[in-house]
Amino acid sequence: MISRKLEQEIMVDTKAYLSNTQYYDTILVFIYDESSSVQEHDVMKKDLKKLKEIEDVIIVSRPSQIIKEGVS
């Protein structure tokens, strides 16, 4: 499950990343969702994009099944 704690960490990290550079004023957030909590993605994106420093948010879920090559 994508947590509010993760959301808070991203917000704090965004401020830190951008305070150390003069070359960028926005960032792109990429999240790999190990829990495959697809139902929470839209809310997370909406909340994070409220920050003017976040240009966009991409969330990718882990596949529900991973097929190993050579295994039938």
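As a reminder, the structure under discussion sits directly above these lines.
For clarity, every value in this text was computed on a predicted model and none was experimentally measured.

A. Up close: the environment of Glu34. Within the secondary structure layout, Glu34 lies in the loop between strand E1 (27–33) and helix H2 (41–48). Residue Glu34 is classed as partly exposed on the basis of its relative accessible area, which comes to 48%. Separated by 27 residues in the primary sequence, Glu34 and Ser61 have C-alpha atoms spaced 6.2 Å apart.

B. Region of interest: helix H1 (residues 4–19). Between its terminal C-alpha atoms H1 stretches 23 Å, which fits the 22 Å expected from 16 residues at 1.5 Å a residue. When H1 is considered as a whole, its buried residues turn out to be Glu7, Ile10, Met11, Thr14 and Leu18. Each buried residue of H1 lies within a common arc of 100 degrees when the element is viewed along its axis, so the set occupies one face. Summarising the geometry of H1, the exposed residues directed more than 90 degrees from the buried face are Lys5, Val12 and Ser19. If you follow the buried residues of H1, they end up packed against E1, H2 and strand E2 (54–61).

Calculation criteria
- Residues numbered from 1 in each chain as written.
- Predicted model: local features only at pLDDT ≥ 70, side-chain atom pairs only at ≥ 80, totals over all residues.
- Heavy atoms only, no water.
- Helix = DSSP H or I, 4+ residues; strand = E, 2+ residues; numbered from the N terminus.
- Buried < 20%, exposed > 50% of the residue type's maximum accessible area, 1.4 Å probe, protein only.
- Expected span 1.5 Å × (residues − 1).
- Arc of directions from axis to C-beta.
- Contact = heavy atoms within 4.5 Å.

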